[in-house]
Amino acid sequence: MPEERLTSLYDADGFGGEKTMRAKVIRELIDEIRLLRRELAQARGQAPASRREP
């Protein structure tokens, strides 16, 4: 899933804003995906995708 899609999901109000358990879980999962991507990029010796030059 591209970073743009993760960002749109993270910021979306359609799943209940910040207060519902569903919103909290989705944001937690997105945070975990981003962390895992950074760790993978570091393990491969690359800059994270969100920081790469276009």
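Right above here is the structure, for reference.
For clarity, every value in this text was computed on a predicted model and none was experimentally measured.

**Student:** Could you clarify how one ought to interpret the pattern of salt bridges in this entry?
**Tutor:** When the charged atoms of two side chains with opposite charge come close together, those side chains can pair. Applying the stated rule across the entire model yields two salt bridges. The partner of E3 in a salt bridge is R34, with the nearest N and O atoms 2.9 Å apart. One end of the pair, E3, is in helix α1 (residues 3-11); the other, R34, is in helix α2 (residues 21-43), with 31 residues separating them in the sequence. Among the residues examined, E3 registers a relative accessible area of 25% and is labelled partly exposed. For the salt bridge of R37 with E3, the shortest nitrogen-to-oxygen distance reads 3.9 Å. On the criterion of sequence distance, the pair formed by R37 in helix α2 and E3 in helix α1 is long-range, its members being 34 residues apart. On the basis of relative accessible area, R37 is assigned to the partly exposed category, the value being 32%. What you see here is one network of salt bridges that share partners, running through E3, R34 and R37.

**Student:** Would you explain a negative patch on the surface in this entry?
**Tutor:** Negative charge collects at one region of the surface, where E28, D31, E32 and E39 lie side by side. Tracing the backbone through its elements, the reader meets D31 in helix α2. Taking the relative accessible area as the measure of exposure, D31 reaches 36% and is therefore partly exposed.

Parameters and conventions
Residues numbered from 1 in each chain as written. Predicted model: local features only at pLDDT ≥ 70, side-chain atom pairs only at ≥ 80, totals over all residues. Heavy atoms only, no water. Salt bridge = Lys/Arg side-chain N within 4 Å of Asp/Glu carboxyl O. Helix = DSSP H or I, 4+ residues; strand = E, 2+ residues; numbered from the N terminus. Buried < 20%, exposed > 50% of the residue type's maximum accessible area, 1.4 Å probe, protein only. Patch = residues over 30% accessible without salt bridge, like charges linked within 9 Å, V, L, I, M, F, W, Y side chains within 5 Å. Areas by Shrake-Rupley, 256 points an atom, 1.4 Å probe, with all protein chains shown as cover. Lys, Arg positive; Asp, Glu negative; His and termini not counted. Charge placed at Lys NZ, Arg CZ, Asp CG, Glu CD.

Function cannot be inferred from these measures alone, as they are strictly geometric.
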